Every structure is written in C-alpha cells, then in structure tokens.
Amino acid sequence: MNFIGQVARWFLDGAHWQGDGGIPHRLTEHVAMSGASLLVAAAIALPIGVVLGHFGRGGNLAINISNVGRAIPSFALLVIAVELVGIGAVPAFVALVALGIPPIVTNSYIGMREVDADVREAARGMGMRSRMVLWRVELPIALPFIMAGLRTSAVNIVATATLAALVAWGGLGRFIVDGLGQQNYPMLYAGAILVGLLSLIVEFSLAGLQRLATPAGLRTSKIIRDPDSKTATNLAAA
Amino acid sequence: MRLKRIYVLGASMVALALITTACGSTGGPASTKATITIASFNFSESIILAHIYGDALKNKGYTINYKDKLGNREIVEPALESGQIDLYAGYAATDLTFVEGKQGVTPDAGTDGQANVQKLNAHLNSKGIKALDPSPAVDQNAFAVTKAEADQNHLTKLSDVSSVASNWTLGGPPECPTRPFCQPGLAQTYGLHFKAFKSLDAGGPLTYAAFKSGAINIGLVFSSDGGISANDLVVLDDDKHLQQADNIVPLIRSSVANTEVTSLLNSVDAKLNTKDLTALNKSADVDKQDPTDLAATWVKNHGF
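A. Broad picture of the overall build of chain B. Secondary structure assignment for chain B yields 12 helices and 10 strands. Put simply, chain B has 304 residues, and 42% of those count as buried. Taking the intrachain contacts of chain B between residues at least 6 apart in sequence as the baseline, contacts between residues at least 24 apart amount to 76%.

Okay, here's the thing in structure tokens:
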C-alpha cells in the first residue's frame, strides 16, 4: 500500500508534468516515434504481403524471411544501429521499423491467401480484371487480417519503444531506465504503468478500427485475432 | 599397422622422458625463489597490470602463474584471502569499499589514495594480505571534454568549466543526477550548473557516441579508458577533489611479499602513470593488441 502510495504521489507531483523530462513531453515523444515507425513499417510491409498474396507466389520465402526478422532481438538491432548512425532518434526508429514489418507481411499475405478461391473465380467469371479482383474482392475480404497485423505491430512497437531509452533516446522508457539507475522505484513503476496504459489504448482503439474495417457481410461476433507465427509457418509449409 | 603404432608410442615415451628430464635439470639448480600466482579481473587494464607485475618479477627469477580474467572482485578478492592467488592489481578506493562492505564497516574511501591504502592495510593485514604503495596511475571517475572544446575555451581543470557550464549539456549514467560523485557533486564542489543532462552510460559507447554527435559537451568517463584518446577527448583535472582516489595498488599475500618483491612492485608502481595506462588500454581495447605483449613491452622499456 505504501509503495502504491509513493507511485501515486509521483503522478501527483506537478514537477513531473512539465518540461523536457515531464510526462506530456515523454508521452509525445513515445507516440510520435511509435506512429512514425508503424507508418513506415506498413508502407514497406503491406505492398509486399498484399502483392505476394495476390499472385500466390513467393509467400513461402516472404514469410520465412519475415519470421527470421521476428527472431532478431530488437535490442540487438538497436545497439547495432547506434554503432552505425550514433545515438538519438534514428537508431530507435530503424529498430522499431524492423520490428514492425514481420507481423504486417505475414498477416497481409495470409489474409490474401485466405480469400476463398471460389469467390476469386466468381469475380473473374463476372469479367473482373486482376487489379479489380485485388481492390474490390480480395482486399476487402483480407482487411480484417491486415488490420490484425497492423494491430500486433503497433502494440509491439509501442511496448518496445521503451528500449530506446537504453540508447540515450527519450520516450516513456526514460522513466524506467532512469528510475532503475537512480533506484527511484516509484518513477520506474510510473513509467511501466504509462507504457502499459498506452499499449492497451492502442490495442483497443485498433481493435475498434479493425471491427469497422470488416465488411458488413463478413462481420461475426468475434474479432479475428492475430494468426500467430506458428499458423503462418504451417500455412507457408502447406 | 600395429608395429607402426608401437613405434609412435615408443617415440612419444622417449620424447616425454626427454622433456621431463630437461625440465628437471633447469628446475634443479635454480634458487629457492617462490612461485607467485597473479590474478586479473576480466578487463584488459587488469590483465596488462597483472602481466607488468608478473614480467618484472619473472626477470628477478620468480616463477609466475597467471590466472587471467579470473572474474570480478567478488571472485578475485576472496581468492586472495584464501591463498588461491598471491597477488592482483587492486584499486585503492574500490577495493577498500569492497572489503569494508564485506566486513560490515561503513565505507569511508576518500579522495586521498595514500589514506585509502592505509585503511586497506588496517582491514587486510590480519588476513595475511598487504596493500603496497599506491601508484600515481588512477582509474576513476573523471569528466572529459572534446579536445577542440578544451582548446577553444582554454580548459584544463574542472573549475575552468564554470564560465561555460550554463550553456553546456552534461552526459553521464542515468544515476548521475542523484549521485554525489556526479551532477550534485559538480554543483556543490565546483558550482557547475549545466543547461541540461543527458542520460547515457558510465563512460561506455553511448558516451563516446554522444561526444561524437555533439549531443553533450562534457561527460563522465573512466580516467584511464582507452576510448578517451581514441575519441580525441581530454580529461579535466579534478582540482577540487570530488572523486574518490582509485589509485592502482598491488594487493599481495604477506607470505610472498619479501623485501625484494615489495620494493620491486613499489618501484614498478611508481613508474606507472595514468597517461601510460590510458595509452596501453587504447592499444588493447581500441587497436586490439594482446595485453600480455603490451605488458612485456612496457616492462622492457622501463628496464625492469
């Protein structure tokens, strides 16, 4: 109870809500870094997953490469990036983009492959060209899967952006790393709570978006979860 | 085939016998000088120092066993107490704090190396261990600036920084803003109040990267770190004695510390200085040279 009180008091201290080291500034840094990383990761990963899924070729390779990407620890990438480009926002950005790509590639590829072959045939039978099949049939049907990939990616990025504090960047991880260094545990836990809350907010708001993105005809009571990497491997192997 | 094996076996036996007798004959008439086991911590400065002591002793006819990279102080110091090793290159303040911590005494390491060594002896002599004379070479917390900045603002010591501090960013480990040796100490002892603080590491790669990118103007380093010269940094003199004195000091078992050994190690220590040590560390850590070769060269150049 005493400790929870200390954490609460940390949040209530006005000094922690202003300046470069304050919660609003750190939160802004964290959200901006995460948002930019997700956008760039999506810009790279979505075309790859969607195009490969549409043509049904090279998916095996793409998913395997992207699974290897999942296996590389973000912290290792971060440290390598610091060696290459120095400290600051860039190494964190590079590591987070790399972290964000695999789930988006895998999910969008699987989403495209999951489109019922009969539906695709029917669309062609109605005289749709390949591009029209992609935009009007496959993408809308695959959208829940694609959104699930983006959601997984976003939550991973928001949670992992904390590590950037270990290589001298800001964000909410600053509270955790500095709290540990200064043995200021209320600050450490406050940082952890803030990151946890932010991850939950991202998770729920993207889940809502995913629901909205699902075509009315496909809506079920359940939201499609992220088909995990195991399923992806099985599908790729099949 | 079998015959061949027998020949090989026979040949090896003969060879073994020759080697054994050869060893015996060199060992036999030699003096009764002791065998000394020297350990080092798991970083190159410690290995270099162990081999500097070892090579100098070997040249006086002692037989040396090395236990390189034995581990951290939690492993090396108890090994000395139990007699598994005879000697290691310690650090006056750090070893004092460690020994006092183990004995449940309030740590009282100070800014005077000689005093720290006296206190070490007070704690260790009863355990059959002696701390010899502290070397002028120190590996302790220090503050560095880039050479360009030092030249431009004519900075040689920490008290010179007061004219520029208000525009400067200080870099250090995350605990710097709360530790007496870091930001609070700079404010209290030197009256330095910096514009900002950047949370990095304790004299590690982040600090050097921050200097390189210009993210900090002054940063915490270890005074003998090889990266200092490799990154064109200069250490500012701690002219008001903020830092605890971590002079290099040999910790040795009294049973092997006869007059010859003691005076030899003391004169080796007297010749060591922080500048040489920094250069040796740079050769080992940055240029990846073999620490034992570096030690051998140093011993030869200084006539031990």
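B. Layout of the overall build of chain A. Each helix and strand in chain A was counted, giving 10 helices and zero strands. Overall, the C-alpha framework of chain A stretches about 65 × 40 × 30 Å when taken along its three principal axes. Going through the 238 residues of chain A one by one, you find that 41% of them count as buried. Residue pairs in contact within chain A that sit at least 24 positions apart in sequence constitute 74% of those at least 6 positions apart.

C. How the structure looks around the sheet that holds strand β3 (residues 87–91) of chain B. Residues and elements named next belong to chain B. Judged by pairing direction, the sheet is mixed, and its five strands sit side by side in the order β2-β1-β3-β10-β4 without closing on themselves. Of all strands in the sheet, those bounded by a partner on one side alone are β2 (63–71) and β4 (129–131). Each adjacent strand pair in this sheet contributes to an overall mean axis angle of 30 degrees, direction not counted. Inspection of the sheet shows strand β1 (residues 35–41) paired to β2 by six bridges, in the parallel sense. Across the sheet, I38 pairs through a bridge with Y66, a residue of β2. On top of the sheet, helix α3 (residues 73–81) reaches β1, β2, β3, β4 and β10 (248–253); it is set at about 145 degrees to β2, its chief contact. Lying on the sheet, helix α5 (residues 113–124) is in contact with β4 and β10; it crosses β4 at an angle near 175 degrees.

D. Looking closely at the pairing of strand β5 (residues 141–146) of chain B. Residues and elements named next belong to chain B. Burial within β5 is extensive, with five of its six residues counted as buried. Here β5 runs beside strand β8 (residues 218–222); their pairing, made up of five bridges, is antiparallel. In the sheet register, A142 faces β8, and the bridge partner there is V221. Pairing of β5 with strand β9 (residues 233–236), which is carried by four bridges, proceeds in the antiparallel orientation.

E. Focus on the nonpolar core. Among the nonpolar cores identified, the biggest contains 86 residues, and A92 and V167 of chain A together with A210 of chain B are the most heavily contacted of them. With 11 residues, the top contributor of residues to this core is helix α5 (residues 89–113) of chain A. Once residues within four sequence positions are removed from consideration, V167 of chain A is found in contact with L78, V79, V82, I87, P91 and A92 of chain A together with L206 of chain B. Counting 51 residues, the second-largest nonpolar core is a separate cluster that includes L251, V268, L294 and V299 of chain B.

F. Structural context of the packing of helix α11 (residues 274–286) of chain B against helix α12 (residues 291–301) of chain B. All names here are of chain B. Packing of α11 against α12 brings their axes to within 9 Å, and their N-to-C directions diverge by 150 degrees. Accordingly, the angle class assigned to the pair α11 and α12 is roughly antiparallel. Viewed along their axes, α11 and α12 form a crossing whose handedness is right-handed. Each of L280, S283 and A284 in α11 lies in contact with α12, whose residues at this interface are P291, L294 and W298. The residue makeup of the contact of α11 with α12, split by class, is five nonpolar, one polar and no charged.

G. Layout of the domain arrangement of chain B. Residues and elements named next belong to chain B. Along its sequence, chain B is organised into domain 1 (35–138 + 244–301) and domain 2 (141–236). Put simply, the middle of domain 1 and the middle of domain 2, counted by C-alpha atoms, are 28 Å apart. Tallying the contact residues gives 12 residues for domain 1 and eight residues for domain 2. The element that contributes the greatest number of residues to the side of domain 1 that touches domain 2 is α11, accounting for nine residues. Each residue belonging to the side of domain 1 that touches domain 2 can be placed in one class, and the counts come to six nonpolar, three polar and three charged.

H. Geometry of the environment of M112 of chain A. Residues and elements named next belong to chain A. Checked against the element boundaries, M112 lands in helix α5. For M112, a count of 24 C-beta atoms within 10 Å puts it in the buried group. For the pair M112 and Q182, spaced 70 residues apart in the sequence, the C-alpha separation amounts to 50 Å. Excluding anything up to four places from it in sequence, M112 contacts V50, G53, H54, E138 and A142.

I. Just α5 of chain B, in detail. All names here are of chain B. An ideal rise of 1.5 Å per residue puts 16 Å on 12 residues; α5 measures up with 16 Å between its terminal C-alpha atoms. Residues G113, N116, V117, K119, L120 and L124 constitute the buried set of α5. Within α5, the buried residues cover an arc of 160 degrees as seen down the axis, which keeps them to one side.

J. Inspection of the interface of chain B and chain A at higher detail. Contacts between chain B and chain A engage 14 residues on the former and 11 residues on the latter. Looking at the side of chain B that touches chain A element by element, the count peaks at five residues for helix α8 (residues 205–213) of chain B. Taken together, the residues of the side of chain B that touches chain A break down into eight nonpolar, three polar and three charged.

K. Focus on the confidence of the model for chain B. All names here are of chain B. Confidence along chain B averages 87 in pLDDT terms, with 90% of residues attaining 70 or more. Predicted confidence is poor over residues 22–30, with pLDDT under 50, and the contacts of this stretch with residues over four places away or in other chains come to zero contacts. Here the predicted complex carries an ipTM of 0.71, next to a pTM of 0.71.

Rules used in this analysis
- Position numbers for residues count from 1 along each chain, tracking the sequence in the order it is written.
- Lettering of chains starts at A and numbering of ligands starts at 1, both following the order in which they are written.
- Side-chain atom pairs in this predicted model are given and counted only at pLDDT of 80 or more, local residue features only at pLDDT of at least 70, and totals for whole chains, interfaces and linings cover all residues.
- Secondary structure elements are defined from DSSP: runs of H or I of at least 4 residues count as helices, runs of E of at least 2 residues count as strands, and each element is numbered from the N terminus.
- Our exposure labels follow a C-beta count within 10 Å of each residue's own C-beta, placed from the backbone: buried means 20 or more other C-beta atoms, exposed means 12 or fewer, and partly exposed covers the counts in between.
- The contact criterion used here is simple: two residues whose C-beta atoms, placed from the backbone, lie within 7 Å are in contact.
- Between any two strands, at least two bridges found by DSSP are needed for them to pair.
- Lines fitted to C-alpha atoms define the axes here, with helix axes fitted over just the stretch in contact, and angles between the N-to-C directions of these axes take values from 0 to 180 degrees.
- By our criterion, buried Ala, Val, Leu, Ile, Met, Phe, Trp, Tyr and Cys residues that link up through C-beta atoms within 7 Å make up a nonpolar core.
- Orientation labels follow simple angle bins: below 35 degrees gives roughly parallel, above 145 gives roughly antiparallel, 65 to 115 gives roughly perpendicular, and whatever is left gives oblique.
- When the near helix sits turned anticlockwise from the far one by under a right angle, the crossing is termed left-handed; a clockwise turn instead gives a right-handed crossing.
- By the convention adopted, Pro, Cys, Tyr, Trp, Phe, Met, Ile, Leu, Val and Ala count as nonpolar, Lys, Arg, Asp and Glu as charged, and the other residues, Gly among them, as polar.
- Note: domain ranges come from an automatic or database domain assignment.
- A helix's residues, less one, multiplied by 1.5 Å, set its expected span.
- The arc in question is the one traced by the directions running from the helix axis out to the C-beta atoms.
- Each residue carries a pLDDT score, the predictor's own confidence in it, on a scale running from 0 to 100.

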